[in-house]
Amino acid sequence: MSVEINGKKYFQATEVAEAVGVTRQTLWRWRRDGSIPVGSKYRGRQIVYTPTEVEIIRQFAERLEPIADQHRREKTLFEGQS
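Predicted, not measured: the structure shown is a model, and the values here were computed from it.

**Quick notes on the packing of helix α1 (residues 13-20) against helix α2 (residues 24-33)**
Across the interface, α1 lies against α2 with an axial gap of 9 Å and an inter-helix angle of 100°. As the angle between them shows, α1 and α2 are arranged roughly perpendicular. Contact residues: Ala13, Thr14, Val16 and Ala17 in α1; Arg24, Leu27 and Trp28 in α2. Looking at side-chain class alone, the contact of α1 with α2 contains 5 nonpolar, 1 polar and 1 charged residues.

**Overview of the packing of aromatic side chains**
Applying the stated criterion across every chain, the model contains 1 aromatic pair. Ring geometry for Trp30 against Phe60: centres 4.9 Å apart, planes inclined by 85°, an arrangement best described as edge-to-face. In this pair, Trp30 is assigned in helix α2 and Phe60 in helix α3 (residues 51-61), connecting sequence segments 30 residues apart. There is no split in this pair, since Trp30 and Phe60 are both buried. The residue whose ring lies beneath Arg63 is Phe60, and the NZ or CZ to ring-centre distance is 3.9 Å.

**Points about α3**
Turning to α3, its buried residues number three or more, namely Glu53, Val54, Ile57 and Phe60. Axial view of α3: buried residues confined to an arc of 120°, hence all on one face. Away from its buried face, by an angle of more than 90 degrees, α3 presents the exposed residues Thr52 and Gln59. Buried residues belonging to α3 abut β2 (8-12), α1, α2 and β4 (46-49).

**A few points about the side chain of Thr26**
As for its position among the elements, Thr26 is in helix α2. In terms of polar contacts, Thr26 uses its side chain to reach the side chain of Thr23, at 3.1 Å.

**A short note on the nonpolar core**
Listed in full, the 12 residues of the largest apolar core are Ala13, Val16, Ala17, Val20, Leu27, Trp30, Ile36, Ile47, Tyr49, Val54, Ile57 and Phe60. Mapped onto this core, the elements with two or more residues apiece are α1, α2, β4 and α3. Among the elements that make up this core, the one with the highest residue count is α1 (4 residues). For Trp30, the contacting residues outside a window of four places in its chain are Val22, Ser35, Ile36, Phe60, Ala61 and Arg63.

**Observations regarding unusual backbone geometry**
A positive phi angle, close to 50°, is found at Asn6, a residue other than glycine. Along the chain, Asn6 falls in the loop between β1 (3-5) and β2. Given a relative accessible area of 77%, Asn6 falls into the exposed group. Even without being a glycine, Arg43 presents a positive backbone phi close to 60°. Secondary-structure assignment places Arg43 in the loop between β3 (40-42) and β4. A residue is classified by how much of its surface remains accessible, and Arg43, at 70% relative accessible area, is exposed.

The rules we used
- Residues numbered from 1 in each chain as written.
- Predicted model: local features only at pLDDT ≥ 70, side-chain atom pairs only at ≥ 80, totals over all residues.
- Heavy atoms only, no water.
- Axes fitted to C-alpha atoms, helices over the stretch in contact; angles between N-to-C directions.
- Helix = DSSP H or I, 4+ residues; strand = E, 2+ residues; numbered from the N terminus.
- Parallel < 35°, antiparallel > 145°, perpendicular 65-115°, else oblique.
- Contact = heavy atoms within 4.5 Å.
- Nonpolar A, V, L, I, M, F, W, Y, C, P; charged D, E, K, R; others polar.
- Phe/Tyr/Trp six-rings, centres within 6.5 Å; stacked < 30°, edge-to-face > 60°.
- Buried < 20%, exposed > 50% of the residue type's maximum accessible area, 1.4 Å probe, protein only.
- Lys NZ or Arg CZ within 6 Å of the ring centre and 35° of its normal.
- Arc of directions from axis to C-beta.
- Polar contact = N/O pair within 3.5 Å; in protein donor to acceptor, adjacent residues only side chain to side chain.
- Core = buried A, V, L, I, M, F, W, Y, C linked by side-chain atoms within 4.5 Å.

Pasting the structure below:
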């Protein structure tokens, strides 16, 4: 459930994780690694995110990355095997 603080809407970490289709643990790992915004602490313990931060998290969750050359080499090891 989102919360309103000083007239601004914030989303709880649990609902952000659900909205982007990841677990809370994944969200925490991304925060720790610096991949997504850290959010803000609400009432000293609850992490909340602004709508802008949620959009950044969604974009990160839906990113596409090229496969590294190492994975291409590994793929060729298995080609032609049935």
